[in-house]
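# Structural characterization, general
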Amino acid sequence: MRTIQFREAVAEAMSEEMRRDEAVYLMGEEVAEYNGAYKASKGMLDEFGPERVIDTPIAEAGFSGIGVGSTMTGARPIIEFMTFNFSLVGIDQIINNAAKIRQMSGGQFNCPIVFRGPTASAGQLGATHSQAFESWYANCPGLKVIVPSNPADAKGLLKAAIRDDDPVIFMESEQMYGDKGEVPETDEDVVIPIGKADIKREGSDVTIVSFGKIIKEAYKAADELAKEDISAEVIDLRTVRPLDYDAILESVKKTNRLVILEEAWPFGNISTEITYKVQEEAFDYLDAPIIKINTADTPAPYSPVLLKEWLPSSEDVVKAVKKVMYK
C-alpha cells in the first residue's frame, strides 16, 4: 500500500485503463495541455498524445455528443466536466442519448462512456457552482452513478466504470482532490464492483448512511458519539445507482435506528429513496423514525457564514443520532 492524493488516484485509474485498452480516451476542457483543471490528468498528454487526451472548447453539449457518438464506433470515452454544474449544458446528450441507446437500438449498441468531474459545493463558488446532481442522474434508468469518498475507492470504482458497458456518471469533489489515502500498488489490478456499499465503521447502536465528501462529517460525529458510549455504524454507499439496499437493511436490522447524511436539497433525493425502502422492508426493526440530514432548501449561499449554516455538519449528525436514541 502507498499514500497518494485523490487526484493521483483518478489519474492512475484512467492511465492504467488507457494502457490496458486502446479504445479508451479522455476528452474535456483543459484535460491535456493544462493537465486537468484540478490536475487529475497530470502527465497523461505526454504519455498518450493529443489523439487520446483531447482538449475541447467550452462546449459541453458538443463534446458530450461526440463522446456518446464515438461509443458506436467501438470507443470507450471518458468525458470530464470541469464541474457537474456544467453538465447541464450537455444533459440532453446524457439523458436522451447515452442512457437510452441500448434500449432504443434494441440492444444493437452499448454506450460504454464515463462522464466524470466534481459535484456539490466547494466553498464560496456561488449558487450555480455548488449543486449536487447525484439524485438527478440516479433518477434516470440506463445510468449508473458513483460518488467515491476516498482515493482507494476512487481508483477502484473508476477502473470499474471505464470497463463497464453502460454509461456511468462518476462524481468527485473539488474539495477532495488533495485528500490523501492508502491505495494498492500501481501494478495491482484492484477493481471495486459497482453497486456495493462499504461499512467504513462497525457499530451497534445506530446506522449512519452517507457518501461523497460529506461523509467526513459522519466520521467526526461517530468519534464524538463514541465518547458518550454510542456506537455508530457508518456506511459509505459509494454507488447511488444501483443502490446497495441489502447493506443498509442488514445494518438497520442490527442497530434498529437510521440517520442518513446527504449533501443535497431535501426534496426527492437519495436519502428519501433510502427512507422509503427501509420503512417498506425493515419497518418492524425500527425503534425510532428515520432522520435524514440535507442542505437547506435554498440555492447555496455565497456568504461563508450562511454557507456553513446551509451545509450539514457533524453537529447535525450528533443531534440526529441522539434524537433517534431518545437522548
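The rules behind the values
- Residues numbered from 1 in each chain as written.
- Predicted model: local features only at pLDDT ≥ 70, side-chain atom pairs only at ≥ 80, totals over all residues.
- Heavy atoms only, no water.
- UniProt positions renumbered as here; feature names shortened; annotations may be inferred.
- Patch = residues over 30% accessible without salt bridge, like charges linked within 9 Å, V, L, I, M, F, W, Y side chains within 5 Å.
- Areas by Shrake-Rupley, 256 points an atom, 1.4 Å probe, with all protein chains shown as cover.
- Salt bridge = Lys/Arg side-chain N within 4 Å of Asp/Glu carboxyl O.
- Lys, Arg positive; Asp, Glu negative; His and termini not counted.
- Charge placed at Lys NZ, Arg CZ, Asp CG, Glu CD.
- Helix = DSSP H or I, 4+ residues; strand = E, 2+ residues; numbered from the N terminus.
- Buried < 20%, exposed > 50% of the residue type's maximum accessible area, 1.4 Å probe, protein only.
- Disulfide = S-S within 2.5 Å.
- Axes fitted to C-alpha atoms, helices over the stretch in contact; angles between N-to-C directions.
- Parallel < 35°, antiparallel > 145°, perpendicular 65-115°, else oblique.
- Left-handed = near helix turned anticlockwise from the far one by under 90°.
- Contact = heavy atoms within 4.5 Å.
- 1 Å grid on protein atoms, 1.4 Å probe; cavity = no way out; pocket = protein on both sides within 12 Å on 5 of 7 lines; lining within 4 Å.
- Points joined across faces, edges and corners; volume = space filled by probe spheres on them.
- Nonpolar A, V, L, I, M, F, W, Y, C, P; charged D, E, K, R; others polar.

Per an unreviewed UniProt entry, the chain goes by the name Pyruvate dehydrogenase subunit beta and belongs to Mesonia mobilis. Turning to the chain, the UniProt record has this under Cofactor (unreviewed entry): "thiamine diphosphate".

## Details of a negative patch on the surface
The grouping of E30, E33, D46 and D55 at the surface amounts to a negative patch. Looking at the element boundaries, E30 is found in the loop between β2 (24–28) and α2 (44–48). The exposure class assigned to E30 is partly exposed, which follows from its relative accessible area of 36%.

## A closer look at the UniProt feature "domain: Transketolase-like pyrimidine-binding" (unreviewed entry) in the chain
Mapped onto the present numbering, the UniProt feature "domain: Transketolase-like pyrimidine-binding" (unreviewed entry) falls on residues 4–179. Helix makes up 35% of residues 4–179 and strand 16%, whereas the separation of the span's terminal C-alpha atoms amounts to 8 Å.

## A word on the state of the cysteines
One pass over the structure, following the stated rule, counts zero disulfides. Looking at C111, it has no disulfide partner, and the nearest cysteine sulfur is the one in C140, 11 Å off. Looking at C111, the relative accessible area reads 2%, which means it is buried.

## Quick word on the packing of helix α9 (residues 245–255) against helix α10 (residues 270–281)
As a packed pair, α9 and α10 sit with axes 10 Å apart at the nearest point and diverge in direction by 55°. When the axis of α9 is compared with that of α10, the two are oblique. Relative to α10, the crossing made by α9 is right-handed. Mapping the contact onto sequence places Y245, I248, L249 and V252 in α9 and E273, I274, K277, V278 and E281 in α10.

## What to know about unusual backbone geometry
R241 connects to P242 through a cis peptide bond whose omega is 0°. Looking at the secondary structure, you find P242 in the loop between β12 (239–241) and α9. With phi around 60°, K39 is a residue other than glycine that occupies positive phi space. Along the polypeptide, K39 turns up in the loop between β2 and α2. Assessed through its relative accessible area of 29%, K39 is described here as partly exposed.

## Things to note about empty space enclosed by the protein
On inspection of all chains with the given rule, the structure shows three cavities of 30 Å³ or more. For the largest cavity, the full set of lining residues is T119, A120, E134, V147, E172, S173, F211, G212, K213, I214, E262 and E263. Across the lining of the largest cavity, the residue classes tally to four nonpolar, three polar and five charged. Reported here for the second largest cavity is a volume of approximately 40 Å³. Lining the second largest cavity are S130, Q131, A132, E263, A264, W265, T295 and W310. By residue class, the composition of the lining of the second largest cavity is four nonpolar, three polar and one charged.

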